[in-house]
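Chain by chain, the residues run as shown.
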Amino acid sequence: MELNKSIIASLENKCILVTGSTGFLAKLFVEKILRTQPNVKTLYLLIRATDAASATRRLHDEVTSKEIFKVIKETYGDKFNSFMSEKLIPVAGDTSLENLGIGDAKMREKIFRDVDVVVNFAATTKFNERYDFALGTNTLGPKNILDFSKKCVKLEMLLHVSTAYVCGEKAGLILEDPYKMGETLNRIKTVLDIEMEKKVIEQKLEELRAKQLSKKEETKAMKELGLESGARMFGWPNVYVFTKAMGEMPIGQWRENLPIVIIRPTIVTSTIKEPFPGWVESVKTVDSYFVGFVQGKIASFLGKSKTIMDVIPGDMVVNATIAAMLAHEDQPNSRFMIIYQVGSSNRKPMYCSMIKDYAYNHFVNNPLMSKNGEPIKVVKPYHFTSTNSLQRYTDLKYNLPLKGLRLAYAILRHDDGGFCNDMERQLKFVTKLAKLNEPYLVFREGTFDDSNTEKLRISVKSNVKEENIFYFDPESINWDNYFMNIHLPGLMTYVLNN
Ligand SMILES: NC(=O)c1ccc[n+]([C@@H]2O[C@H](COP(=O)([O-])OP(=O)(O)OC[C@H]3O[C@@H](n4cnc5c(N)ncnc54)[C@H](OP(=O)(O)O)[C@@H]3O)[C@@H](O)[C@H]2O)c1
């Protein structure tokens, strides 16, 4: 792999199909390309929608009108809208369906003729998603994208965005290795059959519908199925990483001659530099802790002090993605498949307990305002080193007294103690958050190998003019500065609107 020409020059006249563009990373990807190479030919943006009109509406409401495009807006002024509509073509579709659900045959044919690269960001990123939804988008989606890509006559490659946590709870140095079809992480349950999983889901849905359950009950049952009979059965900690791991398998198995790049980012956080520092869109993984803490819903911290936590700013992930996409463009029909793990743990590790210090030190001086305009006070968090010790503490300090109070109210006042509900909801929230994040935020004993990514980095750095444009070197990050002066202020501004 060599990047022996300019990335910016390579982007000129490119035609790219991008999925997941109403999401965080794809938006950054689209923005970066348009800002650095306005002569890119076309970006077809596949947007989940029933028809062209609603795809166009979503493109405006959820993509181009967002603050992330403000730098381009400033550059183009009143020509912004015409520039965007010249470059961006919204396509109504759904990756969980055959032909990506693109019903408009003319549009499909046009894409088959035009595109040079397909980039798949689409995913359902909820850790506790329903099994049917997660399998549909995260596992069958990549297979549909592969089949679709094979029909694109001049395609140079398919780039699929996965996650580094497809490794489950493996420890040690986690390599940039592909999954084989049917591989599992469970020593007893060693064979995984995606077709069989589809059938299990269909059967379960039939069963649930025969019982005429409410939508809420059906969702609960489908989430349980994904976690218990799916993820945990085969050795993954949640349905998200399980279905993402399965999503890599068909690509590897059935790619034939199509060149494939798989990007596996770790935990993606706000932009460190471009288009401006601190941009983040929603609350995911590590930000659930920060938001719960600043809202006063979490007053504890769960994690071993020396556990490494792997986070990486979104703009670095996107720069690596663009570089990887172009590093291989001169190798059509070379049948390669290469994986890039994009994270920080192997080069500039940050430790789990730093999160607790950043949260307290930042929010004690920059509190969130409550609805009635009062600052929400934060306290120095208790530190627990296991979910069991957290559970014991909450049982003793809260659950038991709450049970006692309810009993006393029932005996003395014939009252169900409804005032306890709020407190119990908060306790459930903390326990759920801890359980969801425990496997890979808190007790991970692994770091991610990034040898391929490092080679790519060296290659980009050889172009002096572009190394500062397509930067993705975690060694350049000062974590204290990033979290205290960029990420947490960004979270407050762009997510909590404080
Ligand atoms: N953010 C992270 O920390 C992180 C870390 C590692 C890997 N990744 C991976 O990076 C990729 C992008 O992540 P993100 O954070 O940008 O995700 P995101 O903000 O949750 O966006 C996901 C996007 O996928 C779209 N999508 C979901 N199901 C779809 C379907 N069936 N058909 C078409 N589009 C569909 C969503 O569209 P709707 O708006 O219609 O829902 C949305 O545009 C994902 O593959 C994720 O697994 C993310």
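Computed from a predicted model, the values in this text were never measured in an experiment.

So, how was this worked out
- Residues numbered from 1 in each chain as written.
- Predicted model: local features only at pLDDT ≥ 70, side-chain atom pairs only at ≥ 80, totals over all residues.
- Heavy atoms only, no water.
- Core = buried A, V, L, I, M, F, W, Y, C linked by side-chain atoms within 4.5 Å.
- Buried < 20%, exposed > 50% of the residue type's maximum accessible area, 1.4 Å probe, protein only.
- Helix = DSSP H or I, 4+ residues; strand = E, 2+ residues; numbered from the N terminus.
- Contact = heavy atoms within 4.5 Å.
- UniProt positions renumbered as here; feature names shortened; annotations may be inferred.
- Near = heavy atom within 4 Å.
- Polar contact = N/O pair within 3.5 Å; in protein donor to acceptor, adjacent residues only side chain to side chain.
- Areas by Shrake-Rupley, 256 points an atom, 1.4 Å probe, with all protein chains shown as cover.
- Nonpolar A, V, L, I, M, F, W, Y, C, P; charged D, E, K, R; others polar.
- Expected span 1.5 Å × (residues − 1).
- Bend = angle between axes of the 7 residues up to and from the residue.
- Salt bridge = Lys/Arg side-chain N within 4 Å of Asp/Glu carboxyl O.

Trainee: Hey, could you go over the nonpolar core for me, with residue numbers and the actual values?
Mentor: Within the largest apolar cluster, 119 residues are counted, with the highest numbers of intra-cluster contacts made by Phe29, Leu34, Trp236, Phe290 and Met325. Per-element accounting of this core gives the leading share, 10 residues, to helix H12 (residues 314-327). If we ignore the near neighbours within four places in the chain, the residues touching Met325 are Leu11, Ile16, Phe29, Ile33, Val117, Val119, Met157 and Leu159.

Trainee: Account for the UniProt feature "coiled-coil region" (unreviewed entry) in the chain, with residues named and values stated.
Mentor: Here the UniProt-annotated "coiled-coil region" (unreviewed entry) positions come out as residues 191-218. Segment residues 191-218 splits into 75% helix and 0% strand. End C-alpha atoms: 28 Å apart.

Trainee: Would you mind going over the site of the ligand in detail, with residue names and values included?
Mentor: By nearness alone, 25 residues border the ligand, and Thr22, Arg58, Tyr240, Lys244 and Lys284 come closest of all. In the environment of the ligand, an oxygen atom lies 2.5 Å from a nitrogen or oxygen atom belonging to the side chain of Arg58. Contact between the ligand and Val268: an oxygen atom at 3.0 Å from a main-chain N or O atom of the residue. Coverage of the ligand by the protein chains reaches 89% of its 900 Å² of free accessible surface. Secondary structure elements with two or more residues in the shell around the ligand: helix H2 (24-36) and helix H10 (239-254). For the shell around the ligand, the per-class residue count stands at nine nonpolar, 11 polar and five charged.

Trainee: Tell me about helix H9 (residues 215-234), and please be specific about residues and values.
Mentor: Taking 1.5 Å per residue, 20 residues should reach 28 Å; H9 reaches 27 Å between its end C-alpha atoms and fits that length. The sharpest bend along H9 measures roughly 25° and falls at Leu227. Taken as a whole, H9 has its buried residues at Glu218, Ala221, Met222, Leu225, Gly226, Gly230, Ala231 and Phe234. Those residues of H9 that are buried are in contact with helix H7 (131-150), helix H8 (194-210) and H10.

Trainee: An account of the pattern of salt bridges is needed here, citing residue identities and associated values.
Mentor: Counted under the stated rule, the structure contains 27 salt bridges. The salt bridge involving Glu62 is made with Arg58; its shortest N-O contact spans 2.8 Å. Placement of both Glu62 and Arg58 in helix H3 (residues 52-64) is noted, with a separation of four residues, approximately one turn of the helix. Overall, Arg58 belongs to the partly exposed group, its relative accessible area being 24%. One salt bridge connects Lys461 with Asp473, and the closest N-O pair in it is separated by 2.7 Å. Remark: Asp473 occurs in the loop between helix H16 (451-461) and helix H17 (479-495) and Lys461 occurs in helix H16; sequence separation between them is 12 residues.

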